[in-house]
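Close look at the chain arrangement
These are the residues of each chain, in order.
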Amino acid sequence: MKQKMIDFLLENANPSIRKRIKSEIFGELTNAKSARYQQQILSEATIQGIIAAQQPDGWIGETYNNGGIFRGHQCALQHLTQKALNKNTPILARALEALDITPPSHSRYGRGFDYDEFKYPGMGAKLSNSAIIAAAGYADIYDITQHIQLSLDSIKRITEVESVFDILHEKRKNGRTMQVFNDYEKWPCTVHFQILAYTQSWRNEATIKAVAQAVNQTMRTDDPHLVSFIPGSQVGCFGGGFPAQGMTVKGSGLYPSPIMCPIGEDGKDHNGLYHFAHLETFARCGIIPQVPELKKLTDEIASSIDTDGICRLENICERLFKTGKYYGMQLETDWRTKTRKACDITFRALLILHYAGY
């Protein structure tokens, strides 16, 4: 099955996908082939647009605009990383250096990002920046050790408390009473998992098991008071935090709305679209074999592969493929043909199966 997927992609997909298959799946990419792929990727219009938008200090300005929705430095970095540029590529290296030296209080970040990520669970630009650094493979250059530990501690916290309400207190904001975290409390958000997904130093049998136990815990649905309940932050934002129970990777929202919950704030059931971004993140963390619900969904992906090696799974959240700060899985130029769309979706299915141990 995997070989048929690989054959389809190597024959039809764009250079970034083919390069990532050679490097991530096979682990055997020669310098000569890497150089050829690099030249092809750099010539693509989206990469040239990012290069044109890069400012003298390395920051990628607002003139980089993908589809009028997501734009600017973090979105551009996400795209550069996903496109599999070589690590020492100047456009990527300079952009990451700018990320490192530009303080979150700078107006470039906009308002509301200069938060202490240790005081407010799941908040702060520094935490998001570490996820970008990890995904780009630069954790050996920029020290994100403290955020790796914070991520692991935040995830494990789910299994350490008897009830999430034990670490919350009430706060009034804009005429509304919220249950918010106590200062310096820990609780996981999507970014914590993204940091762990692309780093190795935290991994051993015990820690992987602990992360899996935490995910199993938050996927439970046996307490109606906890299902879909997302604690707030003292600063009045959800911060993308996990619900106390009812977490799912099948929904219809986008980060940082409650995409992890089957029931939205509107009371409607959003438990329908497969979120490949989250499944890939969990697969990269190495926990899918130990989380039955995730294993079930991964089996469904495997069962959807047809005889041509194409993923035919229906109800995939396609919006997560568009370039954004947190996701942006689309590597093909566009989806104007069925083959290009099939390549992007099949490649993500392949990664999920690969990192899940199939």
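The structure this text deals with has already been given above.
This text gives an overview of the structure that appears in the document. (Residues numbered from 1 in each chain as written. Predicted model: local features only at pLDDT ≥ 70, side-chain atom pairs only at ≥ 80, totals over all residues. Heavy atoms only, no water.)

A word on the overall build of the chain. Scanning the chain from terminus to terminus reveals 13 helices and 6 strands. Considering the chain as a whole, with its 358 residues, one finds that 54% of them fall into the buried category. Considering only contacts in the chain between residues 6 or more positions apart, those separated by 24 or more positions represent 65%. Element-wise, carbon and sulfur atoms account for 47% of the exposed surface of the chain, whose accessible area totals about 16000 Å². (Helix = DSSP H or I, 4+ residues; strand = E, 2+ residues; numbered from the N terminus. Buried < 20%, exposed > 50% of the residue type's maximum accessible area, 1.4 Å probe, protein only. Contact = heavy atoms within 4.5 Å. Areas by Shrake-Rupley, 256 points an atom, 1.4 Å probe, with all protein chains shown as cover.)

In this sheet, strand 4 (residues 176-181) lies alongside strand 3 (residues 168-173) in antiparallel orientation, the contact comprising 6 bridges. Note on strand 4: the bridge partner recorded for Arg 172 is Thr 177. Two successive antiparallel strands, strand 3 and strand 4, enclose a turn made up of 2 residues, where Asn 174 displays a positive phi of approximately 55°. (Pairing = 2+ DSSP bridges.)

In the structure shown here, the tally under the stated rule is 7 aromatic pairs. Between Phe 165 and Phe 229, the aromatic rings sit 4.9 Å apart at their centres with planes inclined by 25°, giving stacked as the arrangement. A residue pair is termed long-range when its members are at least 10 positions apart, and Phe 165 in the loop between helix 8 (145-160) and strand 3 and Phe 229 in the loop between helix 10 (205-218) and strand 5 (250-251) qualify at 64 residues. According to the relative accessible area criterion, Phe 165 is partly exposed, its value standing at 34%. Three or more aromatic residues link up through ring pairs in this structure, and these residues are Phe 193, Phe 242 and Phe 282. The positively charged end of Lys 87 is found above the aromatic ring belonging to Tyr 138, 5.3 Å away from the centroid. Between Lys 250 and the ring centre of Tyr 274, over which it is positioned, the NZ or CZ distance is 4.4 Å. (Phe/Tyr/Trp six-rings, centres within 6.5 Å; stacked < 30°, edge-to-face > 60°. Lys NZ or Arg CZ within 6 Å of the ring centre and 35° of its normal.)

A separate point is the environment of Thr 346. Relative to the assigned elements, Thr 346 resides in helix 13 (residues 338-355). Distance in space between the C-alpha atoms of Thr 346 and Ala 13 is 9.9 Å, their sequence separation being 333 residues. The contacts of Thr 346, once residues within four sequence positions are left out, are Met 5, Phe 8, Leu 9, Gly 309, Ile 310 and Cys 311.

Time to look at the nonpolar core. Counting 101 residues, the largest nonpolar core has Leu 9, Leu 96, Val 215, Phe 276, Phe 282, Ile 287 and Leu 294 as the members making the most contacts within it. Broken down by element, the residue count for this core peaks at 9 residues, all from helix 13. Each residue touching Leu 294, except ones within four places of it in the same chain, is listed here: Val 215, Met 219, Val 249, Leu 279, Phe 282, Ile 287 and Ile 288. (Core = buried A, V, L, I, M, F, W, Y, C linked by side-chain atoms within 4.5 Å.)

A few words now on the pattern of salt bridges. It is possible for side chains bearing opposite charge to pair when their charged atoms get close. Inspection of every chain in the model, using the stated rule, returns 15 salt bridges. A salt bridge links Glu 185 to Arg 157; the nearest nitrogen and oxygen atoms lie 2.7 Å apart. Of this pair, Glu 185 sits in the loop between strand 4 and helix 9 (190-197) while Arg 157 is found in helix 8, placing the two residues 28 residues apart along the sequence. Overall, the relative accessible area of 13% leaves Glu 185 in the buried class. (Salt bridge = Lys/Arg side-chain N within 4 Å of Asp/Glu carboxyl O.)

Moving on to the packing of helix 8 against helix 10. Relative to each other, helix 8 and helix 10 sit at 55°, their axes nearing to 8 Å. Between helix 8 and helix 10, the angle is such that the two are oblique. As for how helix 8 packs across helix 10, the hand of that crossing is left-handed. Across the interface between the two elements, Leu 152, Ile 155, Lys 156, Ile 158 and Thr 159 of helix 8 pack against Thr 207, Ala 210, Val 211, Gln 213, Ala 214, Gln 217 and Thr 218 of helix 10. Split by residue class, the contact of helix 8 with helix 10 holds 6 nonpolar, 5 polar and 1 charged. (Axes fitted to C-alpha atoms, helices over the stretch in contact; angles between N-to-C directions. Parallel < 35°, antiparallel > 145°, perpendicular 65-115°, else oblique. Left-handed = near helix turned anticlockwise from the far one by under 90°. Nonpolar A, V, L, I, M, F, W, Y, C, P; charged D, E, K, R; others polar.)

Before going further, it helps to spend a moment on the side chain of Gln 245. With respect to the helices and strands, Gln 245 occurs in the loop between helix 10 and strand 5. Assessed through its relative accessible area of 3%, Gln 245 is described here as buried. A distance of 3.1 Å separates a polar atom in the side chain of Gln 245 from the backbone nitrogen of Asp 223. Look past the residues within four positions of Gln 245 in its chain and what remains in contact with it is Gln 217, Thr 218, Arg 220, Thr 221, Asp 222, Asp 223, Leu 226, Val 227 and Ser 228. (Polar contact = N/O pair within 3.5 Å; in protein donor to acceptor, adjacent residues only side chain to side chain.)

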